[in-house]
Amino acid sequence: MIIQLNGRAISTEAKSLSELLIEQQIDMACVATAFNGTFVPKSHYDTQLLDEGCQLEVLSPMQGG
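Residues numbered from 1 in each chain as written. Predicted model: local features only at pLDDT ≥ 70, side-chain atom pairs only at ≥ 80, totals over all residues. Heavy atoms only, no water.

Colleague: Mind showing me how you'd approach the sheet that holds strand 5 (residues 55-59) here?
Modeller: Backbone hydrogen bonds are what pair the strands of a sheet, in a parallel or an antiparallel way. As summarised here, the arrangement of the five strands in space is 2-1-5-3-4, forming an open sheet in which the pairing is mixed. In the strand order of this sheet, the two ends are held by strand 2 (8-11) and strand 4 (38-40), each with one partner. Taken over all neighbouring pairs, the strand axes of this sheet differ in orientation by 35 degrees on average, direction set aside. The pairing of strand 1 (residues 2-5) with strand 2 spans four bridges and is classified as antiparallel. Bridge pairing links Ile 3 to Ile 10 in strand 2. (Pairing = 2+ DSSP bridges. Helix = DSSP H or I, 4+ residues; strand = E, 2+ residues; numbered from the N terminus. Axes fitted to C-alpha atoms, helices over the stretch in contact; angles between N-to-C directions.)

Colleague: Which parts of the structure should I look at to understand the nonpolar core?
Modeller: Across soluble globular proteins, you tend to see nonpolar side chains buried next to one another. Of all hydrophobic cores here, the largest spans 15 residues; its most connected members are Ile 3, Leu 20, Leu 50 and Leu 56. Breaking this core down by element, the ones donating at least two residues are strand 1, helix 1 (17-23) and strand 5. Residue contacts for Leu 20: discarding those within four places in its chain leaves Ile 3, Leu 5, Ile 10, Thr 12, Ala 14, Leu 50 and Leu 56. (Core = buried A, V, L, I, M, F, W, Y, C linked by side-chain atoms within 4.5 Å. Buried < 20%, exposed > 50% of the residue type's maximum accessible area, 1.4 Å probe, protein only. Contact = heavy atoms within 4.5 Å.)

As structure tokens, this is what we get:
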């Protein structure tokens, strides 16, 4: 299926948010995510299912000042 990840279209076989993060080699422990504009707690990564055309934002905290 085709989804939007951080503003770009990607093709994925992942069914859940956790599968997508593993597929994309993104460390789940170090990111915050939003699914179609709604924050997803880490405890829901396994149960958040992906849909064709969904929009995901995956953000890493930044340090510095």
